[in-house]
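Spelled out from the first residue to the last, the chains are:
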Amino acid sequence: MSLKRELNFFENFVITDAGIADIIHVEPPHIIYDSGDKLDTKWIEESTYMLKNYSEVIRSTYTRWALAVNGLNLGFEKYNADGFKGKAFCVSSARFIDDEITPVNIIAWDGPTAAQNHIDTVNMLASYGIIDLYSLLEELVIKLFKTYLFHNPQKMIEGKDNRNYRILYRDRHENPQAWKDAWNKRLDNWHRKKIYDGISKILISYYEATGLKVPVDQPNFTLEMISTSLKSISVLRNCLIHGATNVPKELAEVSNIDKVNEFDFKEGDKIDLSLNHLIAIEQFTNAFVASVNVSLMERLIL
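As the structure is a computational prediction, the values presented were derived from the model and not from experiment.

**Q** So what's going on with unusual backbone geometry? Residues and values would help.
**A** Positive phi is not limited to glycine here, since D98 has a value of about 55°. Along the chain, D98 falls in the loop between β1 (88–97) and β2 (100–110). You will see that D99, though not glycine, has its phi angle at about 65°, which is positive.

Set out below in structure tokens:
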């Protein structure tokens, strides 16, 4: 995450041409909640700040992969053009020659071959982009849940095995650091175990624990739909991580679900990815972050 934050396009995003501003979609304002001295809603305040931060990092991450894919498409057009006939595309690196590091060409292609190899690389970059975006989604859901549990530990410290935690929690005002250190360690252990549930089940558990509901003005946007979309992205990510080349039954089953996702995957087909798959995931992520933001605000009036 540190590198993504350092390279965030949107911290210093400035529109330098008024004409450009007219073609940019204006996002609804992100809602930041100030809990003031209300400790029982501090988790909502921290969550709204977290959502704003992650929305920027996710959008910036998507933009980088979109730029990379766009470059490959431009390369395909350039090296396939008549103007490149008779020229060679070279891949350069370096080798030790006469005891010195010397620049060398390690590959050289004619125009049509270079063009085809550029377009064939789109699948790989789209795969990496999907893995990258999924990791941020998973991280966000877990951190939202941990933020709630940090401020609402009561149910997790029930039972005889948690007596020491209850004592630390009772005395947290006298020794806040002891409670904070112990509870953060406990939450880290919870995180390591919880991740095996899968992101879709974790999200459902989060909504159940917090009492969140989908926004009242989105009656067709259900928790089940959100959960299924997360599962489809998770299954696709797992396929890519483990090197699957063909669509397995599990991925086919969570594809082409009306109002849930637009993954056109059929069992047995080759997994063929493009920028459109990244677009679908970024669009879902944007809607998901906005939905949780509104749900948190509506939770205040329940």
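Now, onward.
**Q** Which residues make up the pattern of salt bridges, and what are the values?
**A** Two side chains that carry opposite charge are able to pair once their charged atoms sit near each other. On inspection of all chains with the given rule, the structure shows eight salt bridges. Among the salt bridges present, the one from E56 reaches K52, with a minimum N-O distance of 2.9 Å. Within this pair, E56 and its partner K52 are both found in helix α3 (residues 42–80), separated by four residues, close to a single helical turn. A relative accessible area of 33% places K52 in the partly exposed class. Across the pair R170 and D171 runs a salt bridge whose closest N-O atoms are separated by 3.0 Å.

**Q** Provide a residue-level description of the environment of A252, including the pertinent values.
**A** Position of A252 relative to the elements: it lies in helix α10 (residues 249–253). A sequence separation of eleven residues divides A252 from I241, and the C-alpha atoms of the two residues are 17 Å apart. Beyond its immediate chain neighbours, meaning those up to four positions away, A252 contacts V247, F265, K266 and E267.

**Q** Break down the packing of aromatic side chains for me, with residues and values.
**A** All told, the structure shown has twelve aromatic pairs when counted by the stated rule. Seen from their ring centres, F145 and Y206 are 5.6 Å apart, and the 65° between their planes marks the pair as edge-to-face. Taken together, the residues span a long stretch of sequence, with F145 in helix α5 (residues 122–151) and Y206 in helix α8 (residues 199–210) at a distance of 61 residues. Overall, the relative accessible area of 1% leaves Y206 in the buried class.

How each quantity is defined
Think of each chain on its own: its residues are numbered from 1, step by step along the sequence as written. Note on the predicted model: pLDDT of at least 70 is required for a residue's local features to be given, and 80 or more for side-chain atom pairs to be given and counted; whole-chain, interface and lining totals, by contrast, use all residues. Only hydrogens and water are set aside when side-chain values are computed; all heavy atoms of the structure are taken into account. Helix and strand labels come from DSSP, where a helix needs a run of H or I of at least four residues and a strand needs a run of E of at least two; each type is numbered from the N terminus. A pairing counts as a salt bridge when a side-chain nitrogen of Lys or Arg comes within 4 Å of a carboxyl oxygen of Asp or Glu. Buried means the residue's accessible area, taken with a 1.4 Å probe over protein chains only, is under 20% of the maximum for its type, while exposed means over 50%, and partly exposed covers the values in between. Note on contacts: a residue pair is in contact if any heavy atoms of the two residues lie within 4.5 Å. Aromatic pairing here means that ring centres of Phe, Tyr or Trp (its six-membered ring) are within 6.5 Å. Orientation follows from the plane angle: under 30 degrees is stacked, over 60 is edge-to-face, and everything else is tilted.

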